[in-house]
Amino acid sequence: MRKVGIVTQVDQQAEIFSIRTPKGRAFTFSLDENIRFCGQLPDLGDLQIGMSTLVAGRRLKGGTLLAVVVAAREAPAFSRHMGIVTSIDAATNTFGLHARNGEQLIFKVDEETRFQGFDVDVQSLDDLQVDMVVKVLAKKQEDGSFLAINVSATTKESLEQYDLRTVGHIIAVDAQGFSVQARNGEQYDFQVTAETRFRSLQNRVAALEDLQVGMKVLVGAEQVGDGNYQAQVVIIGALRNW
């Protein structure tokens, strides 16, 4: 079987990803050691929500879909926006955004729109609040409106309260904490305490012992000494920095 669509979910730990086809159908594929990546994809870690994807796969007993070949590229029809939520209309399933470039935009949401919160619980349009800071991956519709594919939300206070916010991949884990190779090339060591909060899809990562080398993470941390950081929140997944 072959399916073409837009990536809507990537879970590196569970080794699955989901796509939505142009007709709106959703498919979730699992991976095994024989998977082949093509195009702009060296591995699953580089698959991003919003990418245009071609998947060749087969259906296993029990109905699970196994991806055999995955080719993906950035989808030019999609755009990313960041700004402050200015309005929410549950009746029309829309919200307004004052973007960083000064534009006032309206985004529609549907049952396929994925919500995630950075240090705040946002799982649907009902959880979104005016004055929240959001990043939106959206597709422009034929009528000129924007359909939100992915909405990442946080509060202004959350953005301001951390001494360090960084995105990278885990390069070491021990009994006291973990180390991250950041996208800027720097290496950071983070202590984990009882106050450290972990966030991941379906809460698969709930504690330090669940972390694995290679995972992509976003970390918000407090500086507790010269070059030492205590992790306040750890978000697992392919996230971009705020």
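Refer to the structure presented above.
For the structure given in this document, a descriptive report is provided here. (Residues numbered from 1 in each chain as written. Predicted model: local features only at pLDDT ≥ 70, side-chain atom pairs only at ≥ 80, totals over all residues. Heavy atoms only, no water.)

**Regarding the pattern of salt bridges**
Where side chains of opposite charge bring their charged atoms close, a pairing between them can arise.
And step 1. Evaluated as defined, the whole model comprises 3 salt bridges.
And step 2. Between D11 and R204 there is a salt bridge, and its shortest N-O distance comes to 2.3 Å. Of this pair, D11 sits in strand β1 (residues 2–11) while R204 sits in the loop between β16 (197–199) and β17 (216–225), and the two are 193 residues apart along the sequence.
And step 3. Residue class for R204 comes out partly exposed when judged on its relative accessible area of 29%.
And step 4. The closest approach of N and O atoms between D110 and R20, which form a salt bridge, is 3.2 Å. Highlighted residues: D110 in the loop between β9 (104–108) and β10 (114–117) and R20 in strand β2 (residues 16–20), separated in sequence by 90 residues.
And step 5. Its relative accessible area of 12% is what places R20 among the buried residues. (Salt bridge = Lys/Arg side-chain N within 4 Å of Asp/Glu carboxyl O. Helix = DSSP H or I, 4+ residues; strand = E, 2+ residues; numbered from the N terminus. Buried < 20%, exposed > 50% of the residue type's maximum accessible area, 1.4 Å probe, protein only.)

**Observations concerning unusual backbone geometry**
For residues other than glycine, phi is negative in most cases, and the peptide bonds are mostly trans.
And step 1. One non-glycine residue, E15, lies in positive phi territory at about 55 degrees.
And step 2. Of note, E15 is situated in the loop between β1 and β2.
And step 3. We classify E15 as partly exposed; its relative accessible area is 42%.
And step 4. Phi at N93 takes a positive value of approximately 55 degrees, unusual for a residue other than glycine.
And step 5. Mapping N93 onto the fold places it in the loop between β7 (78–89) and β8 (94–99).
And step 6. Judged by relative accessible area, N93 falls into the partly exposed class, the value being 37%.

That is the geometry; function is a separate question.
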